[in-house]
Amino acid sequence: MQKYTDFAEFTELTPGAEITVARHGWRAKCLQRLIRLDLPVPKTMALPCDTVRAIASGQMPDTAQIAAAFGDDLLVSVRSSPENPEWGGPGTVLNVGMNEAMHARLTDSHGREAADALYLRFVQMYSVHVARLDPEMFHDEPGPGALANAMAAYRAETDEDFPQSPARQLAEVLRSMARAWEGTTARLLRQAKGAPPDAVLGLLVQRMALGIGPGLSGSGTMQFVDSVTGLPRITGRFRGQSQGRKASVETLYLTRDPRGASLEEASPEVFGELRHYGLLCRNKLREEMQLEFAVEGGRVSVIDAVRVTRSARAAVRIAVALAEEGVISREDALLRVEPRALSELLHYQVDPRAPRERISRGIAASPGAATGKIVFTAAAAQASAARDEACILVRRETVPEDIRGMHASVAVLTERGGMTSHAAVIARGLGLPCIVGCVGIQVDAKERVLRGPDGRIFREGEVITVDGTNGEVLVGAAEMLEPALGDGFRTLLHWADNVRDIGIRANADTPEDARTARMFEADGIGLARTEHMFFDEDRLTVMREMIFADSAHDRRIVLERLLPMQREDFLALFDIMAGLPVCIRLFDPPLHEFLPHDREGMRELAEALDRPLSEVMRRCEALSEFNPMLGMRGVRLGVTVPEIYDMQARAIFEATVEANRRGAAITPEVMIPLVSAAREVEIVKTRIDAVASAVKTEMKAEFDFRLGVMVETPRAALRAGEIAEHANFLSFGTNDLTQMTYGLSRDDAGRFMSTYVNQGVYAEDPFHILDVEGVGELLLIGAGRGRASREDVTISVCGEHGGNPESIAFCRAAGFDYVSCSPFRVPVARLAAAHFALLAPKNRSGF
């Protein structure tokens, strides 16, 4: 076997040793810090990453020299030390150096039972993980004959006796662990966790702390905060003389407990020593740590210390507590909380400690969890809500008419769809847990059954749980954790607001949305979609009357009935937002969305309008389009059916006057959707200006308003310079802009998107994470040309990408003024914006 001796092959961990995370890994550096704090860490040798890589290629260090550093009684463990603990690594191998001579010594000092158990554990671990023998042959529990059987099995499989040389044992363990790290499976697993392809591994050889012996002996773990809640609480375990023994060996609680004996009672000195070490780590390492320790005859050894695993709510509480106590800075506290993790605090969550029975998995489109009875129609959802019964709306895919049913539901589950499908967008806006693209299920609305992937049938009225955080549909009612919007949550976000340098608004269509936006302290409303206001039952009939009107005069008469309703809608938004900006998008969807699609619905409409069924059917057919999302919608309606925009503009301005009279200084922002030509803006602007003048005269009041454009077509982005001459702001609607740039339907892309991403066609789902190379370039072109034409034009993003941290980074770097997202994504966006301001404070380029 070739030796590799071109550099220092290993380094003893001492306070002054040259140990770096990049070369020796995080565990080596952490142990060195413990040593500097005078914690009783067993003697440890660190093998740097270049040595480990050489071992994987067959170039071995001098293991005899490493063994000699531990003296004659070599008994060590070998632990992995990657650069980042999230990347994992080969499992620890204990009791390396165990042979017949060591077994005899331990028999004399600790008794045969303990010596046999230690030897058996090493033989089993070595055989399975180093020699790669069949695990079924090495699973016996300690007991009479177990060690002899393991030795015989090893001999039978390898045609040689179990190795007795400690140096050879160590060499084989090191080689096995080094090669396991370089294996294909290990590479894929750590790359899935964000590791680079060339991620390196260090290895640690540490003297064993056996945790056996006379007096109080054993091993365990101890941490000082709860991993789920983040509250101060000592948790962990202590198992007396635990190594290699059966589960029946006494396990002690750590703190006093009425259920049984505790370490605190058995040895207050050991317990106090461990608490002291935990506090020392917290204050000096500036982190909540979990200690792994062993006790031999009352003497404590600290084997390892790792960052406490924590839920999102615990992460927030811990970060804020450390900052408030002066252990870390506020800026450090902000950076320690992953922005996306905040979503878990806003909703009920399935308790990770509870059992769960999964039906299927889909795309986690809107976070949170809810339990309810299955319903298959919007009407059934409303009926269930009227009975005060929680229900989950299950659909193949949702359509605009389902909005009332979504409002009545506690969660939404669809067989089809992607991250920006109708169900996903509306659910995020409402704060409803939602799973879309759940391709493993089959929804039969006619028979009112949901079939799982295994053929199991769930009928209407049966209870399921939707976990929108991780995309799992569960059987029955799962145990839940309540939302965590306490002082720590609000404190962290106020700190974020103090450092972020890009505005965060909310997309809000209803007063309830606006109240949610205010609760999460959004800077205003960046998108109020007015079409959702027309799907209420009392308005839908009036809307349909307007569609069936025979002339512009008749349309105006019908729209006059909608005017006071719209005025109240906008006044409610203005009152709630209390002077903060409110951007209202004028009517956008094609008119056919408001018409029934089946014969029964058309018959009911004919009765309501007192028209022949044949006429209703002809009109519905005439309004149908081959591709309605690219047809008569948005500004095209404003140009061809201007009475709708006239009514909406009047409602906005009359509400503005009333809000101003109530003391809220409002300057409404009116946004024209789906623009592709400057002339469209000119035409609509002329009419809106006329309506504004009329309202000012009629109500004897003055007010200001800002007119802008929603940039959703590639042509609008390319001609933004011309468009900006007539607009105060340009707001990029990245949902439709992505659809039109890619030529993809966001509602159908979910069927093949995972294949495209897996095969590297797209790096990410462009409806989930902004495509900065394609769509992003259109944003940069549009913003640049818009500002070149009009220096004071406001630039923003109001699509669902606005709540995505990566998209916020792009918009901030490009100098955009604000992003707007669903109300429940506002906290995520606020924290993400603070992260980027702290990590790249001077990178805003502007135009």
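Just above, that's the structure.
The text that follows walks through the structure, step by step, so that each part is easy to find. Bear in mind that the values here come from a model prediction, so they are computed numbers and not experimental data.

### Focus: helix H26 (residues 678-699)
Step number 1: Between the first and last C-alpha of H26 there are 31 Å, a value that for 22 residues agrees with the 32 Å anticipated at 1.5 Å per step.
Step number 2: All of the buried residues along H26 are Ala678, Glu680, Val681, Val684, Ile688, Val691, Ala692 and Val695. With its buried residues spanning 140° around the axis, H26 presents them on a single face. Turned more than 90 degrees away from the buried face of H26 sit Arg679, Thr686 and Thr697, all of them exposed.
Step number 3: Remark: lysine 700 follows H26 within two positions and exhibits a positive phi of approximately 50°.

### Some thoughts on unusual backbone geometry
Step number 1: Phi is positive for asparagine 95, close to 65°, though the residue is something other than glycine.
Step number 2: Given a relative accessible area of 0%, asparagine 95 falls into the buried group.

### Focus on the pattern of salt bridges
Step number 1: All told, the structure shown has 63 salt bridges when counted by the stated rule.
Step number 2: A salt bridge links aspartate 332 to arginine 286; the nearest nitrogen and oxygen atoms lie 2.7 Å apart. In this pair, aspartate 332 is assigned in helix H13 (residues 330-335) and arginine 286 in the loop between helix H11 (268-284) and strand E11 (289-296), connecting sequence segments 46 residues apart.
Step number 3: Under the relative-accessibility criterion, aspartate 332 is labelled buried at 18%.
Step number 4: Given the relative accessible area of 33%, arginine 286 is considered partly exposed.
Step number 5: Put simply, Arg286, Glu287, Arg307, Arg310, Asp332 and Arg336 are held in one network by salt bridges that share partners.

### Some points on the nonpolar core
Step number 1: Among the nonpolar cores identified, the biggest contains 130 residues, and Phe653 and Leu730 are the most heavily contacted of them.
Step number 2: Here leucine 730 is in contact with Val709, Val711, Ala720, Ile723, Ala724, Gly782, Gly786, Val793, Thr794, Ile795 and Ser796, once residues within four sequence places are set aside.
Step number 3: Residues Leu47, Leu106, Val173 and Ala195 belong to the second largest nonpolar core, which totals 56 residues.

### Quick notes on the sheet that holds strand E29 (residues 669-672)
Note on sheets: strands pair through backbone hydrogen bonds, and any given pair is parallel or antiparallel.
Step number 1: Pairing within the closed barrel is parallel, and its eight strands lie in the order E26-E27-E28-E29-E30-E31-E32-E33. Neighbour to neighbour, the strand axes of the sheet diverge by 25° on average, direction disregarded.
Step number 2: With four bridges connecting them, strand E30 (residues 706-711) and strand E31 (residues 729-732) associate as parallel partners. Looking at E31, one finds that valine 711 is bridged to phenylalanine 732.

### Topic: the side chain of aspartate 402
Step number 1: Among the secondary structure elements, aspartate 402 is positioned in the loop between strand E17 (391-395) and helix H16 (403-408).
Step number 2: With relative accessibility at 4%, the residue aspartate 402 sits in the buried group.
Step number 3: Looking at aspartate 402, its side chain comes within polar contact range of the side chain of arginine 395, at 3.4 Å.
Step number 4: Beyond its immediate chain neighbours, meaning those up to four positions away, aspartate 402 contacts Ala378, Leu393, Arg395 and Glu397.

Reading guide: rules and limits
- Residues numbered from 1 in each chain as written.
- Predicted model: local features only at pLDDT ≥ 70, side-chain atom pairs only at ≥ 80, totals over all residues.
- Heavy atoms only, no water.
- Helix = DSSP H or I, 4+ residues; strand = E, 2+ residues; numbered from the N terminus.
- Expected span 1.5 Å × (residues − 1).
- Buried < 20%, exposed > 50% of the residue type's maximum accessible area, 1.4 Å probe, protein only.
- Arc of directions from axis to C-beta.
- Salt bridge = Lys/Arg side-chain N within 4 Å of Asp/Glu carboxyl O.
- Core = buried A, V, L, I, M, F, W, Y, C linked by side-chain atoms within 4.5 Å.
- Contact = heavy atoms within 4.5 Å.
- Pairing = 2+ DSSP bridges.
- Axes fitted to C-alpha atoms, helices over the stretch in contact; angles between N-to-C directions.
- Polar contact = N/O pair within 3.5 Å; in protein donor to acceptor, adjacent residues only side chain to side chain.

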